[in-house]
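Reading the structure
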Amino acid sequence: MFSVEALVGKNRLVIRLWGVVTEEEALQIGDASLRELERLRPGFDILSDLTGVTELPESGSGQIERVVEAARVRGFRRVVRVVGRSVVAAVRFQRSSRNVGHEAYLAFSLEEAERLLEGGWP
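Let us look at the structure shown here. (Residues numbered from 1 in each chain as written. Predicted model: local features only at pLDDT ≥ 70, side-chain atom pairs only at ≥ 80, totals over all residues. Heavy atoms only, no water.)

**A few points about helix H2 (residues 60-74)**
The terminal C-alpha atoms of H2, which comprises 15 residues, lie 21 Å apart, in line with the 21 Å expected from a rise of 1.5 Å per residue. Positive backbone phi, approximately 90 degrees, marks Gly75, located one or two places after H2. (Helix = DSSP H or I, 4+ residues; strand = E, 2+ residues; numbered from the N terminus. Expected span 1.5 Å × (residues − 1).)

**Overview of the environment of Gly30**
With respect to the helices, strands and loops of the structure, Gly30 is situated in helix H1 (residues 23-37). Overall, Gly30 belongs to the buried group, its relative accessible area being 0%. As for Gly30 and Val68, which are separated by 38 residues in sequence, their C-alpha atoms are 9.7 Å apart. (Buried < 20%, exposed > 50% of the residue type's maximum accessible area, 1.4 Å probe, protein only.)

**Some words on the packing of H1 against H2**
Any two packed helices are characterised by the angle at which their axes cross and by the distance between the axes. Running from N to C, H1 and H2 point in directions that differ by 10 degrees, and their axes come no closer than 9 Å. On the basis of their axis angle, the class for H1 and H2 is roughly parallel. The residues of H2 that touch H1, namely those facing Ala26, Leu27, Gly30, Asp31, Ser33, Leu34 and Leu37, are Gly60, Gln63, Arg66, Val67, Ala70, Ala71 and Arg74. Considering only residue class, the contact of H1 with H2 consists of seven nonpolar, four polar and three charged. (Axes fitted to C-alpha atoms, helices over the stretch in contact; angles between N-to-C directions. Parallel < 35°, antiparallel > 145°, perpendicular 65-115°, else oblique. Contact = heavy atoms within 4.5 Å. Nonpolar A, V, L, I, M, F, W, Y, C, P; charged D, E, K, R; others polar.)

**Quick notes on the pairing of strand E3 (residues 45-55)**
Along E3, eight of the 11 residues are buried, which leaves the element largely enclosed by surrounding structure. Judged from the eight bridges that link them, strand E2 (residues 12-20) and E3 form a sheet pairing that is parallel. Residue pairing across strands places Val20 opposite Glu55, the latter belonging to E3. (Pairing = 2+ DSSP bridges.)

**Observations concerning the nonpolar core**
Judged by nonpolar contacts, the single largest core of 20 residues is most densely connected at Leu13, Ile15, Leu17, Phe44 and Ile46. Contributing elements (two or more residues each) for this core: strand E1 (2-7), E2, H1 and E3. Element by element, the count of residues in this core is highest for H1, at four residues. Contacts of Phe44, omitting those with residues within four sequence positions, involve Asn11, Leu37, Ala71, Arg74, Gly75, Phe76, Arg77 and Arg78. In terms of nonpolar packing, the next biggest core, distinct from the first, is built from eight residues, Val14, Ala107, Leu116 and Leu117 among them. (Core = buried A, V, L, I, M, F, W, Y, C linked by side-chain atoms within 4.5 Å.)

**Here we look at the pattern of salt bridges**
Following the criterion strictly, the structure yields 10 salt bridges and no others. For the salt bridge of Arg12 with Glu118, the shortest nitrogen-to-oxygen distance reads 2.9 Å. Here the residue Arg12 occupies a position in strand E2, and Glu118 occupies one in helix H4 (residues 110-120), the gap between them amounting to 106 residues. Accessibility expressed as a relative area gives 2% for Arg12, which makes it buried. Through salt bridges with shared partners, a single ionic network connects Lys10, Arg12, Glu114 and Glu118. (Salt bridge = Lys/Arg side-chain N within 4 Å of Asp/Glu carboxyl O.)

Set out below in structure tokens:
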């Protein structure tokens, strides 16, 4: 399951994933992310919350790269990934991001991620 939302006032894309993410859902997440990116101004941030992911298909890496590349073209600024018990998902997202030439900061809670994006960036 997932939710994707553009917080226009904060100029932030928020992607939340939990449970088992299927190949079909991975495509839907990519499509929803691209739609929501259109609502944001250059210099936006991305917060992806993976804390509840229990399974992510290997084929999902292509969708991750698709979203990161579109975000780069649109001029994103920072990415924070909230990782929890899903080490596999965190590693896969990090590897896919590196494939398109970008690094994300990892946070261990949603609160830590919000603090980073609200002004505590290292």
